Amino acid sequence: MNKRILIVEDEKKTAALLSSALQESGYLAESCGNGTVALELIMRNPYDAVIMDVMLPGRDGLSVVRQLRERNHSVPVLMLSARGEMSERIEGLEAGADDYLPKPFGVAEVLARLKALTRRGGDSKAMLLEVADLRMEVASHLVSRGGQRILLAPQEFRLLECLMRHAPEVCPRSLLLSEAWG
Ligand code: CA
């Protein structure tokens, strides 16, 4: 099955460039130039990933991603922005984007990131876990709290993953033993 991607970008040239590059690589690409419309589309359609510009008419890209995550929607999002500074990158990731690419970007780089994101999304288990301000990206082993990166040993990571997957329920010892220690 071809992966279905939504391109949210109001600059027609960029959207057309991305759309044709994606189609050549075997994706089903759809485009949308408005953040408010994009949010509706994403809530209604099972996209495998979303490429999202930050500056958009309607709702901006950061706000769209925040809304998705607040509704526990875990579609992978690759954020694009003309503003490539570190603070913007962090803002994008904190809003709930999975990856961030500053403009101008190369099409090859977009395709490479998209491939990584859709591979993660293909797993049936949730690959992005969030409990309050604690956030875990399972595939990349990235854990952060309130945007601050936390370094964990592999065993600590598996234990936390188990707790987060079952939150807010209490995990009995037997479950922790089987899931975190095998
Ligand atoms: Ca734009």
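In this text the structure is predicted, and so the values were computed from the model without any measurement. (Residues numbered from 1 in each chain as written. Predicted model: local features only at pLDDT ≥ 70, side-chain atom pairs only at ≥ 80, totals over all residues. Heavy atoms only, no water.)

1. Quick word on the packing of helix α6 (residues 154-166) against helix α7 (residues 173-180)
- α7 packs onto α6 with a crossing angle of 125° between their chain directions and a minimal axis gap of 9 Å. Classified by the angle their axes make, α6 and α7 are oblique. When the axes of α6 and α7 are compared, the crossing they make is right-handed. Contacts between α6 and α7 pair Gln155, Arg158, Leu159, Cys162, Leu163 and His166 from the former with Leu175, Leu176, Glu179 and Ala180 from the latter.
- Grouping the constituent residues of the contact of α6 with α7 by class yields 6 nonpolar, 2 polar and 2 charged. (Axes fitted to C-alpha atoms, helices over the stretch in contact; angles between N-to-C directions. Helix = DSSP H or I, 4+ residues; strand = E, 2+ residues; numbered from the N terminus. Parallel < 35°, antiparallel > 145°, perpendicular 65-115°, else oblique. Left-handed = near helix turned anticlockwise from the far one by under 90°. Contact = heavy atoms within 4.5 Å. Nonpolar A, V, L, I, M, F, W, Y, C, P; charged D, E, K, R; others polar.)

2. Considering the pattern of salt bridges
- In this structure the tally under the stated criterion is 12 salt bridges.
- In this structure, Arg145 engages Asp133 in a salt bridge whose closest nitrogen and oxygen atoms are separated by 3.0 Å. Note that Arg145 is positioned in strand β8 (residues 142-145) and Asp133 in the loop between β6 (128-131) and β7 (134-137), a separation of 12 residues in sequence.
- Linked by salt bridges that have partners in common, Glu9, Glu11, Asp53 and Lys103 make up one network. (Salt bridge = Lys/Arg side-chain N within 4 Å of Asp/Glu carboxyl O.)

3. Comments concerning the pairing of β8
- With 4 bridges joining them, β7 and β8 adopt antiparallel strand pairing. Within the sheet, the bridge partner assigned to Met136 lies in β8 and is Val143.
- Direction of pairing for β8 relative to strand β9 (residues 148-150): antiparallel, over a ladder of 3 bridges. Counterpart to Ser144 in the pairing with β9 is Arg149.
- Linking β8 back to β9 in an antiparallel pair, the connection comprises 2 residues, with Gly146 at a positive phi of about 55°. (Pairing = 2+ DSSP bridges.)

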